[in-house]
Amino acid sequence: MEDDAPVIYGLEFQARALTSQTAESDAIRFLVGTQSLKFDNQIHIIDFDDENNIISKSVLLHQAGEIWHISASPADKAVLSTCYNKSEASTLPFHVTRHLSRVVTCGAVWRMPPEWESGSHESPDDPHNSHNPQNLELLCHLDNSAHGNTSSVLWEPMGDGTRVISLADNHALLWDLTESSTQATISSSATLEGKGQLKFTSGKWSPHHNCTQLATANDTAIRGWDLRTMSQIYCIENAHGQLVRDLDFNPNKQYYLASCGDDCKVKFWDVRNINEPVKNLEEHSHWVWSVRYNHSHDQLVLTGSSDSRVILSNMVSISSEPFGHLVDDDDLSDGEDNHQYDKSKEPLQDSIISTYEEHEDSVYAVEWSSADPWLFASLSYDGRLVINRVPRALKYHILL
Amino acid sequence: MDGDICATATTPPDSDPARKRRVHGMLKLYYGLNEEGKTVDQAESMNPCDINGTHFDPEVYLNKFRRECSLGELMDQESCMVKQIRSLDSDMQTLVYENYNKFISATDTIRKMKNDFKKMEDEMDCLSTNMAAITEFSAHISGTLQDQHAQITKLSGVHNLLRKLQFLFELPARLNKCLELQAYSQAVSSHRRARCVLQQYSHMPSFRGIQDDCHAIMDKLAQELRQKFRDGGSSAKDLSECVELLLQLDEPAEELCDKFLIHAQSRLETNLRGLEAETDILEFIDRGCNEFVSSLCLVIASYQELFVNRPQEGNLASKNIPQMAIGKLHAFVDAMATCYFSLVERRIQEEKSVGDNSLLVRALDRFHRRLQAVAKLLPGSAVPSQGTEIVVRAARERIKQYLAALQSFYLDSLRDVRQALAAPRLATGKDAPASLPELLSSLSASILNQIKSVLASVHLFTAKDITFSNKPYFKGEFCSQGVRESLVVNFIKFVCQSSRQFCESAGDRGGSTPPALLLLLSRLCLDYETSTITYILTLTDEQFLVQHRSPVTAVAALCGEAREAAQKLLKHYVKVQGLIISQMLRKSVETRDWVNTIEPRNVRAVMKRVVEDTTSIDVQVSLLYEEGTRKAHSSDSSKRTFSVYSGSRQQTRYAPSYTPSAAMDTNFLSNIHKLFSERIDIFSPVEFNKVSVVTGIIKISLKTFLECVRLRTFGRYGLQQIQVDCNYLQMYLWRFVSDENLVHFLLDEIVGSTAHRCLDPAPMEQSVIEVICERG
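Everything numeric here is computed off the predicted structure, so don't read it as measured data. (Residues numbered from 1 in each chain as written. Chains lettered and ligands numbered in written order. Predicted model: local features only at pLDDT ≥ 70, side-chain atom pairs only at ≥ 80, totals over all residues. Heavy atoms only, no water.)

Any chance you could explain the pattern of salt bridges here in plain terms?
It is possible for side chains bearing opposite charge to pair when their charged atoms get close. Using the criterion set out here, one finds 33 salt bridges over all chains in the structure. Residues Glu357(A) and Arg309(A) are paired through a salt bridge, measuring 3.2 Å at the closest nitrogen-oxygen approach. Linking Glu357(A) in the loop between β26 (351–356) and β27 (363–368) with Arg309(A) in the loop between β24 (300–305) and β25 (310–314), this pair joins segments that are 48 residues apart in sequence. By relative accessible area, Arg309(A) is classed as buried at 19%. The residue Arg415(B) makes a salt bridge to Asp412(B) at a minimum N-O spacing of 3.1 Å. Here the residue Arg415(B) and the residue Asp412(B) both occupy positions in helix α13 (residues 383–427), the gap between them amounting to 3 residues, near one helical turn. With a relative accessible area of 46%, Arg415(B) lands in the partly exposed category. Several salt bridges converge on common partners, so that one network encompasses Glu24(A), Arg29(A), Asp47(A) and Lys77(A). (Salt bridge = Lys/Arg side-chain N within 4 Å of Asp/Glu carboxyl O. Helix = DSSP H or I, 4+ residues; strand = E, 2+ residues; numbered from the N terminus. Buried < 20%, exposed > 50% of the residue type's maximum accessible area, 1.4 Å probe, protein only.)

Help me understand the sheet that holds strand β9 (residues 134–135) of chain A in this model?
The mixed open sheet is built from 5 strands, whose spatial order is β2-β3-β4-β5-β9 (chain A). For this open sheet the edge positions go to β2 (14–20) and β9 of chain A, each flanked by a neighbour on one side alone. (Pairing = 2+ DSSP bridges.)

Can you help me understand the packing of aromatic side chains in this one?
We describe a pair of aromatic rings using the distance from one ring centre to the other and the angle between the two ring planes. This model, assessed by the stated rule, comprises 18 aromatic pairs over all chains. Ring geometry for Tyr410(B) and Phe491(B): centres 6.2 Å apart, planes at 90°, overall edge-to-face. Of the two residues, Tyr410(B) sits in helix α13 while Phe491(B) sits in helix α17 (residues 477–508), which places them 81 residues apart along the sequence. Take Phe491(B): its relative accessible area is 1%, and that puts it in the buried class. Three or more aromatic residues joined by ring pairs make a cluster, and in this case those are Trp287(A), Trp289(A), Tyr364(A) and Tyr381(A). Lying across the ring of Trp289(A), Arg245(A) places its NZ or CZ 4.3 Å from the centre. When the ring centre of Trp594(B) is taken as reference, the NZ or CZ atom of Arg592(B) above it lies at 5.3 Å. (Phe/Tyr/Trp six-rings, centres within 6.5 Å; stacked < 30°, edge-to-face > 60°. Lys NZ or Arg CZ within 6 Å of the ring centre and 35° of its normal.)

How do you make sense of the nonpolar core when you look at a structure like this?
Soluble globular proteins tend to pack their nonpolar side chains together in the buried interior. Residues and elements named next belong to chain B. Membership of the largest hydrophobic core comes to 188 residues, with the highest contact counts inside it found for Phe307, Phe332, Phe478, Leu702 and Phe705. Broken down by element, the residue count for this core peaks at 15 residues, all from helix α18 (residues 515–544). Ignoring any residue separated from it by four or fewer positions in sequence, one finds phenylalanine 332 in contact with Leu261, Ala264, Gln265, Leu268, Leu296 and Val299. (Core = buried A, V, L, I, M, F, W, Y, C linked by side-chain atoms within 4.5 Å. Contact = heavy atoms within 4.5 Å.)

What is the right way to look at the UniProt feature "repeat: WD" (unreviewed entry) in chain A in this model?
In the numbering used here, UniProt assigns the "repeat: WD" (unreviewed entry) feature to residues 237–273 of chain A. Between the C-alpha atoms that bound residues 237–273 of chain A there is a distance of 12 Å. The span itself is 0% helix and 46% strand. (UniProt positions renumbered as here; feature names shortened; annotations may be inferred.)

Help me understand unusual backbone geometry in this model?
Most peptide bonds take the trans form, and the phi angle of most residues other than glycine is negative. Residue and element names in this part refer to chain A. For asparagine 53, which is not glycine, the phi dihedral falls at a positive 60°. Residue placement: asparagine 53 occurs in the loop between β4 (41–49) and β5 (54–62). Look at asparagine 53 and you get partly exposed, because its relative accessible area is 30%. The backbone phi angle of asparagine 238 is positive, close to 50°, even though this residue is not glycine.

What's the story with the sheet that holds strand β20 (residues 256–261) of chain A in this structure? I'm lost.
Residue and element names in this part refer to chain A. The antiparallel open sheet is built from 4 strands, whose spatial order is β19-β20-β21-β22. Bordering the open sheet on either side are β19 (244–249) and β22 (279–281), each of which pairs with just one other strand. Adjacent strand axes in the sheet meet at a mean angle of 20° when their direction is disregarded. In this structure, β19 lies alongside β20, joined through 5 bridges in antiparallel fashion. Within the sheet, the bridge partner assigned to aspartate 248 lies in β20 and is alanine 258. (Axes fitted to C-alpha atoms, helices over the stretch in contact; angles between N-to-C directions.)

Structure, rendered in structure tokens:
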């Protein structure tokens, strides 16, 4: 019981950007980017010691600006990318006269300084650590002023860390990183054409089909792209009643996609049949900002919403492991025990496993750990990071 | 008189007169003088002092008197009694004299009779001698006439035989003549009379000739009869005569039955064909009854007359015709009825218009009633029960049609309401909300009326004067499962369900349902929950005397469903209206360059729109929903003082957050704020009152505002503009919500978040803000 209790960590700044360190498969580690207009922004590296239930952090300075999006390289633990705001004008605090300034969002790839790991494992309340943080080392900018504000940077899933996609306004840019990621060149790009000012709000690089597909969201539509030709494959118009906030691919079922948005709904799609969602979840009472499939057990779906709640759902019926008949039919040879056990699982329905109410402000990001499939983190605007586990009973139920 | 005696008698001189009295009394009783007899009876009981009673004991009587009465009384009693005894004595003497006289006259009569009898005896003797003489003469005469008598007897025998022979010889000619005159029955009866004789003497050539002739003629006759039978043009009576004759001619009964039935069939089929052309249901049934069913009855009756009920004679009896014939008849009737029923059923199915049920019910009633005649004629036939089944099926079908009609009526009314909601809005704008309650009442009234009229229509099925209304189906299942469940309950469920569908479909695809309709439907469902469902079901139960043998849907379950639908609709209304305002706010935040905006001089127009829209929503909701409770306002809730109050409060709350001193401060302070202000649930469920609804809409709108603000970066004047806007909202929105702190909290959050997102946070003076806001 005790070890199911959530672990809470508070940042000093407001924050929206959260990712797990994708290339790390041993330690449970999350990266959080802060948002502050007045102070130097930071990247907090949160390590979680599962056995002792202790959080330790190290802080790296991100002086370029406030972080709106963060993602980690799948190949190199030390490499990560951010999207950050940069104001392009002198903003002296006591400047009285009216001045024109511009806020632009840029993307960049960074390397963590090699020492952070050695000197990092100090308790978070050690004042020296936070007073003397190290800077991130800039590898390259993913900038092209012609393409506008970068809303997110996506790494090629399970790739070698040389290909990224950045979404900038209505462009999707595919970059090749060379010279140990210090050079970034656009290898191809796609542009969304249409009436009005179209803008990609988010996107996801599909891990299936040899990583040749991309899904993006703009306004209420979800689009699929073929990266080889940079052309649109499918378009789900009006996927949500209002703005689509986030997407995620089912890691085990190549055509399945989850989306969430301002209509408080989470929808599951089979992109081969885009007329109707396969499933609807309507549990949140405000905008759903983030949806994530568990990397190993795709029936576990995590959602975070600005109603300050995180909900863990068990979508058995559309997962790659629908208990019961599939296993029953195929693995009869496994013996009587297994068989009977599967039978007992059969009545399991799609259900809400748990609603987590530790946050007091809007939750903008949720993320599964890349090292421990039973562990996840959620981040709310007030800088509160909460680490939770999948309830044990369910874990054993899925495993056994 | 006796009573008097009883009361006044004193010492009797002797018991004799008393006994006589008693005898006298008995005589009287015997001769029926009841009144006195009764009193005697009553007095006569066991009293030994009763002078007329059987148990009279003079000793006791005397002693009693001696004890009870004074000497004077005793004296009086004695004289009275002596007087009475004397009168009784004289009575008795008179009686004796009368009897004596009668006895004397009787003696005289008997003496006279003795003389008369003696004379009569002499006359009788004379008579007997005469009779003996007559007998002797008669014997003599018959002896002389005996020879002649024998001869005459013989002659008359010969004469008879000759007559018979003549009949036989004349038979062929006679038969021929009968054939010519078509007097078939006479021919057959003549032949029958001769047949045995001819058979017996067929070894004699002359008779054989006659027999052959007869056979030939009879064959011809039978042929002719058969022809006539086959032609079928003749009337039923002719036919039956025909059949009777043929049967007498030893035709095989089975064949005749078949032929008869085939013949009948062709006629019935013509009837059926005639039916198919009929269009009106009542005429159709009428014609069916009058032509087909009555012909069928006639066929059955005459068939039974011919084959089943006729007295069996001779060798026919052994063949067991009735059983065979009945079997054939049943098969025939069943086959014909099946054709008829399929026609009727097809016709009934065509009866789709639900306007006037009485026609159909009357038609069915007639249909059913006429089949009872068949039941009477042919007991054990399956036809009437099949007919009842058809009626039952028709009733079921009818209920389904009524349900469909109700449903389409409901959808039509909804469409009308929708048009009514849309039309005036285009034209006059403000008239539309005013008519909401009227629309609601007219909608619910028209639905209720429709339900009532449908119930009345369906009720015809169970009317007393309808023959099939006392069938078990119409007494039980029709009322409970049919009318109550399939019709009424299903309709109510449909209403709830279709209402719910408005929430599901409209949400995604751009809100095609006008919000006012959602509100109206929600109120409708709520009304259903509180009263209408109970009313309708009670009405149904009363009208149909529903006996709940099978389990039926409980009122509570339906009410629950209606309430759920109402709740969902209202929630959806809040969502849709909230969305409309949210979109305005979102667009206004997203499209502006907040970093480079100019110093605020006005409240932004969009805020005025928000307040206007909220006001109109408030008006709209108040038309249908009650006010609801709100937390007590501070005593100075009026607009002016409120803004001052809230302004000062706001200042004290925000002041520290605008002057950040250290990295920790802002967050720390805002967290402290949150710690002390109670956590506000932004998305609490909506209740059925105006305040709750409007509160929900405002909460959603302000939350959207907050989230949008957090996505932007602000310059100094951007922050100030948001301050102005929020102050304006605060001035107007508090009055709509249940708890004004909620608005404060959310607006605080918005301004706080803006300050966080501001590059150059220099807040505006509260007094300036107020001036700007008041300028409008």
